[in-house]
Amino acid sequence: MILGRFLAASAEFDQRLSAIRPEQWTAPTPCAEWNVRQLVNHMVRGNLNYTDLLAGGTRENFLRMRDVDALGNDPLAAYTASVQLVADAFARPGALDQVLDYPLGQVTGRQALAVRAADSAVHAWDLARALGVDDRLDPALVAWISDGLGEIYAGLAESPVATETTHRFFAAPGAARGSASRQDRLLRLMGRNPSVAV
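Residues numbered from 1 in each chain as written. Predicted model: local features only at pLDDT ≥ 70, side-chain atom pairs only at ≥ 80, totals over all residues. Heavy atoms only, no water.

### Things to note about the overall build of the chain
Across its full length, the chain carries seven helices and two strands. Split into buried and exposed, the 198 residues of the chain put 49% on the buried side. For the chain, the accessible surface area stands at approximately 9,400 Å², while carbon and sulfur atoms represent 52% of it. (Helix = DSSP H or I, 4+ residues; strand = E, 2+ residues; numbered from the N terminus. Buried < 20%, exposed > 50% of the residue type's maximum accessible area, 1.4 Å probe, protein only. Areas by Shrake-Rupley, 256 points an atom, 1.4 Å probe, with all protein chains shown as cover.)

So this is what it looks like as structure tokens:
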């Protein structure tokens, strides 16, 4: 079930990734510190870091490798390969119950993959906004993340829904609007402003 959520979120990102035109790699994204290439690298490197954690990697190595280039000369192929590595690694017997040394605290493989799925979905929206393409996410995926935010980030040192957090890894939430769609309410919780263009 959780592996299916991760794959669905990864497909959302992949759908936008294939729409990148050559001149858009340096375009800004809703993540102020990243352009399109840096955002895509964050996704690929993140996937590689998650598989490394499952292989016994440490939080220190995760953070050290966080921004190292993982795209090479073929970002699309790098992303596709990284998703497959995560899928294969977390499908192994016992992987979802394994305790990982995640940067925000020790988590099971199941919780780590849930965090990765939520992150992938939100970054799919970031990429869509940067490219000026359809930014509507799968409603079932949005509902799962919205309904499960507390569980997805339970026990972590930092969370997008925690009242006290450093915002080192998550942007500060924006004010919610009563008439906003469920997707927009989720995005605001995750520090995005859907009403503002990039």
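### Thoughts on the packing of helix H2 (residues 36–54) against helix H4 (residues 75–90)
For any two helices packed against each other, the geometry comes down to the angle between their axes and how far apart the axes lie. Axis separation between H2 and H4 bottoms out at 9 Å; the angle between their running directions is 25°. Judged on the interaxial angle alone, H4 and H2 are roughly parallel. Classified by chirality, the crossing of H4 by H2 is left-handed. For the pair H2 and H4, contact is made by Arg37, Met43, Val44, Asn47, Leu48, Tyr50, Thr51 and Leu54 and by Pro75, Ala78, Tyr79, Ser82, Val83, Leu85, Val86, Ala89 and Phe90, respectively. In terms of residue class, the contact of H2 with H4 is built from 13 nonpolar, three polar and one charged. (Axes fitted to C-alpha atoms, helices over the stretch in contact; angles between N-to-C directions. Parallel < 35°, antiparallel > 145°, perpendicular 65-115°, else oblique. Left-handed = near helix turned anticlockwise from the far one by under 90°. Contact = heavy atoms within 4.5 Å. Nonpolar A, V, L, I, M, F, W, Y, C, P; charged D, E, K, R; others polar.)

### Brief notes about the nonpolar core
In terms of nonpolar packing, the biggest core is built from 57 residues, with Val36, Val40 and Tyr102 touching the most fellow members. Among the elements of the structure, helix H1 (2–17), H2, H4, strand S1 (99–102), helix H5 (109–131), helix H6 (139–152) and helix H7 (182–189) are those that each provide at least two residues to this core. (Core = buried A, V, L, I, M, F, W, Y, C linked by side-chain atoms within 4.5 Å.)

### A closer look at the packing of aromatic side chains
Describing an aromatic ring pair means giving the distance of the ring centres and the angle of the ring planes. Under the defined criterion, the tally for this structure stands at four aromatic pairs. Seen in terms of ring centroids, tyrosine 50 and phenylalanine 62 are 5.8 Å apart; in terms of plane orientation they differ by 65°. Their pairing is edge-to-face. Of this pair, tyrosine 50 sits in helix H2 while phenylalanine 62 sits in helix H3 (residues 59–65); the two residues are 12 residues apart in sequence, bridging distant segments of the chain. For the pair formed by tyrosine 50 and phenylalanine 62, the shared burial category is buried. Ring plane angle 75° and centroid distance 5.8 Å describe the contact between phenylalanine 62 and tyrosine 102, whose orientation is recorded as edge-to-face. Within this pair, whereas phenylalanine 62 is found in helix H3, its partner tyrosine 102 is found in strand S1, the two being separated by 40 residues in sequence. Across the pair, exposure class does not vary: phenylalanine 62 and tyrosine 102 are buried alike. Joined through ring pairs, the aromatic side chains of Tyr50, Phe62 and Tyr102 make up one cluster. (Phe/Tyr/Trp six-rings, centres within 6.5 Å; stacked < 30°, edge-to-face > 60°.)

### Brief notes about the side chain of arginine 188
As for its position among the elements, arginine 188 is in helix H7. No salt bridge is formed by the buried arginine 188; its nearest oppositely charged neighbour, aspartate 184, is found at 5.9 Å. At 3.3 Å, the side chain of arginine 188 forms a polar contact with the side chain of asparagine 193. (Lys, Arg positive; Asp, Glu negative; His and termini not counted. Salt bridge = Lys/Arg side-chain N within 4 Å of Asp/Glu carboxyl O. Polar contact = N/O pair within 3.5 Å; in protein donor to acceptor, adjacent residues only side chain to side chain.)

Bear in mind that shape data such as this cannot, by itself, settle questions of function.
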